[in-house]
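Here are the chains, one letter per residue:
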Amino acid sequence: MLSYIAQRAALAIAVAFTVSLAAFMLLNIATDPAYAIAGEDADPEVIEQIRQRFGLDRPLWVRYGDWLAGVLRGDFGVSYYWNKPVATLVAERVGTTLTLAFSALMVTIAIAIPLGALAALNRNTWIDRFALWLAVSAQAVPNFWLGLILIILFAVMLPIFPVSGDHTWQHFVLPAFVLGASSVPPVMRLMRTGLIEVMGADYIRTARAKGYRSGALLMRHALRNALLPVVSVLAVQLGQKVGGSVITESVFAINGLGRLALQSILGADIPTVQILIFLFALVFVGMNLLADILNAALDPRIRIG
Amino acid sequence: MSESTQSRPVVDPVSGRTPETEIPASPGQLARARAWHHRGFQVGAGILLALVLVAIFAPFLAPHSPYQQSLPNRLLPPVWVEGGSWEYLLGTDHVGRDYLSRLIHGTRVSITIGLGAATIGLIIGVTLGVLAGYFGGWVDHSVSFVLTAQLALPGLLLAMALVFFIGPSLLVVICIIGALGWTYYLVVTRSATQHIRSLDFVAAARASGATPRQIIWHEILPNLSSKIIVIFTFELGIAILAEASLSFLGVGIQAPTPSWGLMIAEGKEAMFYRPWLVVLPGMCLFVLVIAANLMGDGLRDITSPEEKS
């Protein structure tokens with residue numbers, strides 16, 4: 001078990017480094033930070049001065065080494081656009097995004113798991129067809145558009161929820177639904193196929209033969225086993241929620257990391273964009289590692305085999 | 001009764017019926033027969049074909065120019081709302097451009113980007129997947145590592161930053177979305193290649209002296225084609241949604257090009273009193289993407305019915 005976790009953790013760290021390197025190189029090749037700091041129509045001389053002052057005249061790999069050393073010490077650099085340390089910008093907003101991501105995950109769980117279970121237990125009936133149709137439709141709805149439609153319906157026509165902002169819990173209801181809905185199709189499908197598979201297993205037949213009623217059977221044997229793969233997928237989905245916050249936070253004007261990311265891109269604020277890409281990747285990698293560990297803890301075949 | 005002696009179905013001269021000794025249908029015939037009965041495939045393929053035709057003939061179908069502004073005719077409602085006119089069937093936008101014409105031309109932007117990006121993803125993903133699956137060993141390990149790293153990158157955020165920093169244009173949007181959207185091709189082709197390369201006909205080709213290049217081109221890729229086409233249709237929908245998201249956020253296709261995502265962003269300012277400005281382009285996106293997904297689901301059922309859930 002320990003050696004398995006150590007192996008996965010080593011891979012996760014290697015992936016995190018690779019991702020930070022790739023993001024740094026891509027961003028710095030795509031744009032010249034000196035132009036971004038100087039602003040449009042700046043003198044070539046001014047740009048040259050900026051390049052020297054910020055050390056942008058050094059080779060790319062030296063700058064990456066510098067950046068990485070800073071990040072490892074907890075120094076995330078200074079934002080050109082906001083004139084603040086990037087660490088402060090992130091710290092001010094990380095709570096909002098985590099709140100949104102966890103509420104979204106709750107929405108996913110509350111919709112996808114009962115729906116998947118109902119579809120599996122009523123296979124090939126209208127319930128099953130409805131659930132699959134819902135999954136296909138949900139995958140085709142643009143996330144940002146769903147947000148706007150919900151604002152029109154539930155904030156303007158029926159003023160139940162506020163239009164935008166992040167001051168009270170009511171502000172998070174619509175965004176959490178929008179962000180959570182995007183994870184419903186994969187989780188629902190997994191729950192459905194998992195439960196169908198479990199219900200056909202030998203031990204379920206044995207339990208039936210021993211006289212278990214279907215309710216108890218479902219609770220004691222089937223659901224627990226069908227939920228195993230779902231738990232690890234939920235961990236991965238939570239990692240994606242943080243990355244998916246970009247659109248939702250922009251639609252609902254929530255001051256979290258996602259909106260910060262969009263504002264930094266529009267302001268050509270490379271240091272902030274770099275850190276955010278790195279942090280989002282780190283969350284994703286961490287959640288995958290958690291999923292691997294959960295899998296190993298719940299399923300002995302993985303940690304031994 | 002061997003198949004070679006019965007090259008065509010024999011008709012019984014007395015009853016006029018074909019005896020039970022017909023040639024079994026080929027996989028292609030079976031697939032076509034299943035396609036004929038698959039409702040989802042027909043609906044998806046039908047809508048997709050119609051929208052492709054709209055995209056091709058957009059200049060002939062659109063009643064007005066999608067760029068012609070007319071300030072006296074700003075923000076006209078659609079024909080079914082009070083104040084609407086048949087002249088502007090779906091009304092006009094905030095600078096008086098005909099909304100129907102912009103929606104029709106928007107089909108072009110979405111489909112061009114979808115096809116282009118899905119093709120770039122296909123080339124990258126299939127190449128890596130086949131190489132990793134065929135050669136195994138260190139090739140497989142390095143490709144797997146690249147895959148893990150790619151999956152960890154926040155795709156949308158990176159695409160936003162790269163498109164905006166390089167300079168948003170149709171070509172840049174296609175290349176970036178395509179270059180970030182190849183993982184699904186890789187995962188599927190890699191495991192399928194691993195399976196195919198263990199089959200007898202590959203061993204036979206190798207025994208007869210075929211080089212790896214010949215085996216990949218003549219034995220493996222033809223057997224992957226149906227899987228690749230299925231993924232292509234799904235990636236088409238994903239790329240179209242990605243472009244719409246980028247354009248909506250202001251870092252994709254730029255004004256005045258009629259992109260559905262951009263139109264939703266422009267209509268957002270007036271959506272409380274004129275919700276159709278946001279609803280209509282969103283419906284277009286939904287119909288196009290669901291058509292691609294229905295066709296993908298249908299193709300999967302038709303070409304490999306054993307994977308049907």
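A brief report on the enclosed structure follows. Owing to the predicted nature of the structure, the values given are computational and were not obtained by experimental measurement.

Section: the overall build of chain B
Across its full length, chain B holds 12 helices and zero strands. In terms of overall dimensions, chain B is more spread out than a globule: its C-alpha atoms have a radius of gyration of 25 Å, far above the 19 Å expected for 309 residues. For the C-alpha atoms alone, the extent of chain B along its principal axes is close to 80 × 65 × 30 Å. Counting every position in chain B, which comprises 309 residues, the buried fraction comes to 48%.

Structural notes on the interface of chain A and chain B
Counting residues at the interface gives 41 residues for chain A, matched by 41 residues for chain B. For the pair chain A and chain B, the summed buried surface comes to about 3600 Å²; carbon and sulfur atoms form 86% of the total. Three residues stand out in chain A for area buried against chain B, namely F144(A), W145(A) and I265(A), and they jointly supply 18% of the buried area on that side. Remark: the boundary between chain A and chain B carries zero salt bridges. Taken together, chain A and chain B are joined by one residue pair in polar contact (both at pLDDT 80 or more). Of all elements in the fold, only α1 (2–30), α6 (126–140), α7 (143–157), α11 (214–251), α12 (257–266) and α13 (270–298) of chain A reach the threshold of two or more residues within the side of chain A that touches chain B. By residue class, the composition of the side of chain A that touches chain B is 35 nonpolar, five polar and one charged.

What to know about the packing of helix α2 (residues 39–56) of chain B against helix α12 (residues 276–303) of chain B
Residues and elements named next belong to chain B. The geometry of α2 relative to α12 is characterised by a closest axis approach of 7 Å and an angle of 135 degrees between their N-to-C directions. Between α2 and α12, the angle is such that the two are oblique. In the crossing of α2 with α12, the sense of the turn from one axis to the other is left-handed. Contacts between α2 and α12 involve G40, F41, V43, G44, A45, I47, L48 and L51 from the first element and V287, L288, A291, A292, L294, M295, G298, L299 and I302 from the second.

Notes on the side chain of E235(B)
Residue and element names in this part refer to chain B. By the element assignment, E235 lies in helix α10 (residues 212–249). Here E235 occupies a buried position and makes no salt bridge, while the nearest side chain of opposite charge, R300, is found at 11 Å. Setting aside its immediate chain neighbours within four residues, E235 contacts A118, G181, Y184 and Y185.

Notes on the packing of α13(A) against helix α6 (residues 155–166) of chain B
When two helices pack together, their arrangement is given by the angle between their axes and by how far apart the axes lie. The N-to-C vectors of α13(A) and α6(B) enclose an angle of 155 degrees; their axes lie 10 Å apart at closest approach. In terms of their interaxial angle, α13(A) and α6(B) are classed as roughly antiparallel. The hand of the α13(A)/α6(B) crossing is left-handed. The residues of α6(B) that touch α13(A), namely those facing I270(A), V273(A), L276(A), I277(A) and F280(A), are L157(B), L158(B), A161(B) and F165(B). Of the residues in the contact of α13(A) with α6(B), the class split is nine nonpolar, no polar and no charged.

A short note on the packing of aromatic side chains
As enumerated under the stated definition, the model contains 10 aromatic pairs over all chains in all. Both rings, one in W67(A) and one in F278(A), keep their centres 5.7 Å apart while their planes meet at 75 degrees; by these two values the pair is edge-to-face. Placement of the pair is W67(A) in helix α4 (residues 60–73) and F278(A) in helix α13, with a sequence separation of 211 residues. By relative accessible area, which is 12% here, F278(A) ends up buried. Pairing Y134(B) with F135(B) gives two aromatic rings, centres 5.0 Å apart and planes at 85 degrees, and the pair type is edge-to-face. Residue class for F135(B) comes out partly exposed when judged on its relative accessible area of 43%. What links up through ring pairs into an aromatic cluster is the set F24(A), Y64(A), W67(A) and F278(A). Over the aromatic face of W82(A) sits the side chain of R93(A), whose NZ or CZ is 5.5 Å from the ring centroid.

Thoughts on a nonpolar patch on the surface
A contiguous nonpolar patch, built from L49(B), V52(B), L53(B), I56(B), F57(B), F60(B) and L61(B) and spanning about 700 Å² of accessible area, is present on the exposed surface. The greatest single-element share of the nonpolar patch, amounting to four residues, is contributed by α2(B).

How each quantity is defined
- Residues numbered from 1 in each chain as written.
- Chains lettered and ligands numbered in written order.
- Predicted model: local features only at pLDDT ≥ 70, side-chain atom pairs only at ≥ 80, totals over all residues.
- Heavy atoms only, no water.
- Helix = DSSP H or I, 4+ residues; strand = E, 2+ residues; numbered from the N terminus.
- Rg over C-alpha atoms; globule rule 2.2 N^0.38 Å.
- Buried < 20%, exposed > 50% of the residue type's maximum accessible area, 1.4 Å probe, protein only.
- Contact = heavy atoms within 4.5 Å.
- Buried area = accessible area lost by both parts, 1.4 Å probe.
- Salt bridge = Lys/Arg side-chain N within 4 Å of Asp/Glu carboxyl O.
- Polar contact = N/O pair within 3.5 Å; in protein donor to acceptor, adjacent residues only side chain to side chain.
- Nonpolar A, V, L, I, M, F, W, Y, C, P; charged D, E, K, R; others polar.
- Axes fitted to C-alpha atoms, helices over the stretch in contact; angles between N-to-C directions.
- Parallel < 35°, antiparallel > 145°, perpendicular 65-115°, else oblique.
- Left-handed = near helix turned anticlockwise from the far one by under 90°.
- Lys, Arg positive; Asp, Glu negative; His and termini not counted.
- Phe/Tyr/Trp six-rings, centres within 6.5 Å; stacked < 30°, edge-to-face > 60°.
- Lys NZ or Arg CZ within 6 Å of the ring centre and 35° of its normal.
- Patch = residues over 30% accessible without salt bridge, like charges linked within 9 Å, V, L, I, M, F, W, Y side chains within 5 Å.
- Areas by Shrake-Rupley, 256 points an atom, 1.4 Å probe, with all protein chains shown as cover.

Fair warning: the whole summary comes from geometry, so function is off the table for now.
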